[in-house]
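Residue strings, one per chain:
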Amino acid sequence: MELQTLTYLFVGISFALYIGIAIWSRARSTNDFYIAGKGVSPIANGMATAADWMSAASFISMAGLIAFLGKDGSVYLMGWTGGYVLLALLLAPYLRKFGQYTVPDFIGTRYYSKAARLVAIICLIFISFTYVAGQMRGVGIVFSRFLEVDINTGVIIGMLIVFFYAVLGGMKGITYTQVAQYCVLIFAYLVPAIFISLLITNNPIPQLGFGDKIAGSSVYLLDKLDQLSLELGFNAYTENTKSNIDVFFITAALMFGTAGLPHVIVRFFTVPKVSDARKSAGYALVFIALLYTTAPAVAAFAKINFIDSVQKVEYQSAPNWFKNWESIGLIAWKDKNDDGIINYSSGNALEGVKPIYTDQLGKHGQRVVENEPNQSNKNEVYIDNDIMVLANPEIAQLPNWVIALVAAGALAAALSTAAGLLLVISASISHDLMKKMLMPKITEKQELIFARCAAAVAIFIAGLFGIYPPGFVAQVVAFAFGLAASTIFPALFLGIFYKRLNKEGAIAGMITGLLTTSSYIIYFKFLNPSFNNSEFWIFGISPEGIGFLGMIMNFIVALIVSNFYSRPPSEIYQMIDEIRKP
Amino acid sequence: MKSSYWKSNLIIVTSLLFVWFIVSYGFGIIWSDELDNLKIGGFKLGFWFSQQGSIYFFVIIIFTYVYLLNKLDKKYFNSSEKSEIKEKD
């Protein structure tokens, strides 16, 4: 069957499945809507957490990023998994025992303060919207490449599906849809990885395959990759280029940020018992690790395949996928030496990095770009990292059904994360802002209506982000993790492990974390991007890693300020004793 | 009794976080370049820890915690229920 027909079929079946599940598991009370009635089994919750967590960025972008960064890319692998250890050991069981609906709920109650709750709500909404914007871009890319519809139409279809099951089903609907989405996305990720591993190394397990010898030769794949990278003027694939301190701080900011992300934490509110919350974090990490240990293998395979099939090939005989992605605008070729042959090496091919296409075709049939060639190097190829995973099956010439499967998987990853985030946003508005702060007298039924309206509005705004993508999506992702690490994580951690911390200390700490992290990121990413290099960074820490420093500042300020004010009231001591019991 | 439950919990958590730190920040970052001199198959060891090994250890750490804490919970909180059952017998 043709690729497009197959893709419509796979995407159609998976969407029908999600809608069916939503109807079967719709929410009837606020308890259902916010935390799925606390009736989710630890394994199901583990899968839902994994789908919630693994976004378009994990599915589509991460392997491409690692292929490009080599060993430097490890920060994402360790950073986005190690946070689950912190969640399981330091937060999840206690927050589940606390037994309320949202993260601001805990912060507001523990620090007996509406101001603390408000700071938490602001951080939460900012973090979640940042994240949603990225998901919508993912949906747009998949729709435009594989279903050949307009990006805007694609985003609207995606939004309608999420609207349907998030507004109707709440947390309960989302949870069971996410279980299905996890199965779709992991299958879609593993199948091509196994195929390619077999093709390149004869080893069916990608995790072992990329440490194996290339089929039919006695050279190890990674050695070959190191050698190719050096030949093309890149750094050796298996060696760091970033300083150790920067790698350390980025990894830490991502880990503590993960542990402080509201949409992940809230998943552990849905299981029946405290011991289930611990177990569930373990299952979640197993399901996540399945993809995260495959990703570096996919990255290595993709890089070697890409170089093999493009380097020194005449443009006219270049593989079809190269031209397909060129027409989407994620690949560009500028024939610097006018020989009609593609030359791929290190450095940016174009001045201004991103290609600006014209309507004309060059003499070899390539899309002509306005950009001046960057003459400091010989690289002629612009390639967006995002296509590595999506194009990988095409590059490896796998059958059409595998390519269609990857499209369905990428959509599952993007939609499941978007739904989880939208729920957190709507809960913080209807529950934390309306019920707990502005209109405490509303009934449960009214609160549920508010929750559904808030979800609808949030979906609408997310859709706008997808149709008019802000140019700064990539820059603000560092923001989301930095803020979660420097505001929410310390407030939760100290709230559980340090009884003496009072509201003055907690609020001062959160504001310190918020200001340190955001001023550093805004300065280097928006105000003075030309200074954004290690010469100007404090202690050599890049904006991506500053959240960890913000977290340390938060701890110091919180502990000092706390000592100047009176102890928290005795009910708080009792409450903490209570949550420390299983 | 409750405070000794909490103390045992803190000991478990601290020792597991120590392992967590060593396998990721230690083997994956700080001593990664030194470990790269050792090779297992096609993997340099430091590279393997930063892209594979640390993640496997994370999973093991969480399930060790689950096992130890379930045991601890039983010791401190289920014993009273059990004795009640025994009394009924």
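Predicted, not measured: the structure shown is a model, and the values here were computed from it.

Okay, the overall build of chain B next. In terms of regular secondary structure, chain B is built from 3 helices and 2 strands. By residue count, 46% of the 89 residues in chain B fall in the buried class. When the accessible surface of chain B is split by element, carbon and sulfur atoms take 67% of a total near 4900 Å².

What follows covers the overall build of chain A. A count of helices and strands for chain A gives 21 helices and 4 strands. By the compact-globule yardstick of 25 Å for 582 residues, chain A fits well, its C-alpha radius of gyration being 24 Å. For chain A, the spread of C-alpha atoms along the three principal axes comes to 80 × 55 × 45 Å. Counting every atom, chain A has about 20400 Å² of accessible surface; 63% of that belongs to carbon and sulfur. A gap of 15 Å separates the mean positions of the 40 positive and 37 negative side-chain charges of chain A.

Moving on, we get to the packing of aromatic side chains. All names here are of chain A. Using the criterion set out here, one finds 45 aromatic pairs over all chains in the structure. Where Phe-15 meets Tyr-18, the ring centres are 6.1 Å apart and the plane angle is 40°; that geometry is what we call tilted. Of this pair, Phe-15 and Tyr-18 both sit in helix H1 (residues 3-24), 3 residues apart, roughly one helical turn. On the accessibility criterion, Tyr-18 (0% relative accessible area) is buried. With centroids separated by 6.2 Å and ring planes inclined at 75°, the aromatic side chains of Tyr-315 and Phe-322 adopt a geometry described as edge-to-face. Here Tyr-315 and Phe-322 have matching classes, each one buried. The cationic tip of Lys-303 hangs over the ring face of Phe-234; the distance from NZ or CZ to the ring centre is 4.5 Å. Stacked on the ring of Tyr-315, the Lys or Arg Lys-323 has its end atom at 5.2 Å from the ring centre.

What follows is about the confidence of the model for chain A. Detailed reading of the predicted coordinates is not advisable wherever pLDDT is low. In this model, chain A carries a mean pLDDT of 84, and residues with pLDDT of at least 70 account for 98%. Ranking the elements of chain A by mean pLDDT puts helix H2 (residues 30-35) of chain A last, at 74, and helix H20 (residues 546-564) of chain A first, at 92.

Looking at chain direction, strand S2 (residues 357-361) of chain A and strand S3 (residues 367-369) of chain A are connected through 2 bridges and run antiparallel. Bridge assignment links Tyr-357 of chain A to a residue of S3 of chain A, and that residue is Val-369 of chain A.

Glancing now at H1 of chain A. Structural remark: α-helix, 3.6 residues per turn; residues separated by three or four positions point the same way. Residues and elements named next belong to chain A. Over its 22 residues, H1 runs 32 Å from end to end, which matches the ideal 32 Å to within 8%, given 1.5 Å per residue. Along H1, the residues that are buried comprise Leu-3, Leu-6, Thr-7, Val-11, Ser-14, Phe-15, Tyr-18, Ile-21 and Ala-22. Seen end-on, H1 carries its buried residues on one side only, within an arc spanning 155°. Turned more than 90 degrees away from the buried face of H1 sit Ile-13 and Trp-24, all of them exposed. For H1, the elements touching its buried residues are helix H7 (114-147), helix H8 (151-201) and helix H16 (400-438).

To continue, consider a nonpolar patch on the surface. Residue and element names in this part refer to chain A. Where nonpolar side chains cluster on the molecular surface, the patch consists of Ile-522, Tyr-523, Phe-526, Leu-527, Phe-531 and Phe-536 and spans about 520 Å² of accessible area. Along the chain, Phe-536 falls in the loop between helix H19 (503-527) and H20. Residue class for Phe-536 comes out partly exposed when judged on its relative accessible area of 39%.

Our focus in this paragraph is the environment of Glu-447 of chain A. Residue and element names in this part refer to chain A. Note on placement: Glu-447 falls in helix H17 (residues 444-467). Assessed through its relative accessible area of 4%, Glu-447 is described here as buried. For the pair Glu-447 and Ser-29, spaced 418 residues apart in sequence, the C-alpha separation works out to 9.6 Å.

Let's shift gears to the interface of chain B and chain A. Opposite the 42 residues of chain B that make contact, chain A presents 51 residues. Summed over both sides, the interface of chain B with chain A buries roughly 3900 Å², with 70% coming from carbon and sulfur. On the chain B side of the contact with chain A, Trp-6, Ile-29 and Gln-51 of chain B bury the most area, a combined 16% of that side's loss. The interface formed by chain B and chain A includes 6 salt bridges. Close ionic contact of Asp-223 of chain A with Lys-39 of chain B constitutes a salt bridge, the shortest N to O distance being 3.0 Å. The tally of links from chain B across to chain A stands at 14 residue pairs in polar contact (both at pLDDT 80 or more). Only helix H1 (2-30), helix H2 (32-35), strand S2 (43-44) and helix H3 (45-88) of chain B provide two or more residues apiece to the side of chain B that touches chain A. Broken down by element, the residue count for the side of chain B that touches chain A peaks at 19 residues, all from H3 of chain B.

The subject of this paragraph is the nonpolar core. Residues and elements named next belong to chain A. Trp-53 and Phe-59 are the most contacted members of the largest nonpolar core, which has 232 residues in total. Discounting chain neighbours no more than four positions away, the residues touching Phe-59 are Leu-185, Ala-188, Tyr-189, Leu-291, Val-389, Val-406, Gly-409, Ala-410 and Ala-413. Ranked by size, the runner-up nonpolar core spans 6 residues in total, among them Ala-332, Ala-349, Val-369 and Tyr-382.

Here the focus is helix H14 (residues 320-328) of chain A. All names here are of chain A. Within the sequence span of H14, burial applies to Trp-321, Phe-322, Trp-325 and Glu-326. Looking straight down H14, one finds that the buried residues subtend no more than 140° of arc, so they occupy a single side. Phi turns positive, to about 100°, at Gly-329, one or two residues after H14.

About the criteria used
Residues numbered from 1 in each chain as written. Chains lettered and ligands numbered in written order. Predicted model: local features only at pLDDT ≥ 70, side-chain atom pairs only at ≥ 80, totals over all residues. Heavy atoms only, no water. Helix = DSSP H or I, 4+ residues; strand = E, 2+ residues; numbered from the N terminus. Buried < 20%, exposed > 50% of the residue type's maximum accessible area, 1.4 Å probe, protein only. Areas by Shrake-Rupley, 256 points an atom, 1.4 Å probe, with all protein chains shown as cover. Rg over C-alpha atoms; globule rule 2.2 N^0.38 Å. Lys, Arg positive; Asp, Glu negative; His and termini not counted. Charge placed at Lys NZ, Arg CZ, Asp CG, Glu CD. Phe/Tyr/Trp six-rings, centres within 6.5 Å; stacked < 30°, edge-to-face > 60°. Lys NZ or Arg CZ within 6 Å of the ring centre and 35° of its normal. pLDDT = per-residue confidence, 0-100. Pairing = 2+ DSSP bridges. Expected span 1.5 Å × (residues − 1). Arc of directions from axis to C-beta. Contact = heavy atoms within 4.5 Å. Patch = residues over 30% accessible without salt bridge, like charges linked within 9 Å, V, L, I, M, F, W, Y side chains within 5 Å. Salt bridge = Lys/Arg side-chain N within 4 Å of Asp/Glu carboxyl O. Buried area = accessible area lost by both parts, 1.4 Å probe. Polar contact = N/O pair within 3.5 Å; in protein donor to acceptor, adjacent residues only side chain to side chain. Core = buried A, V, L, I, M, F, W, Y, C linked by side-chain atoms within 4.5 Å.

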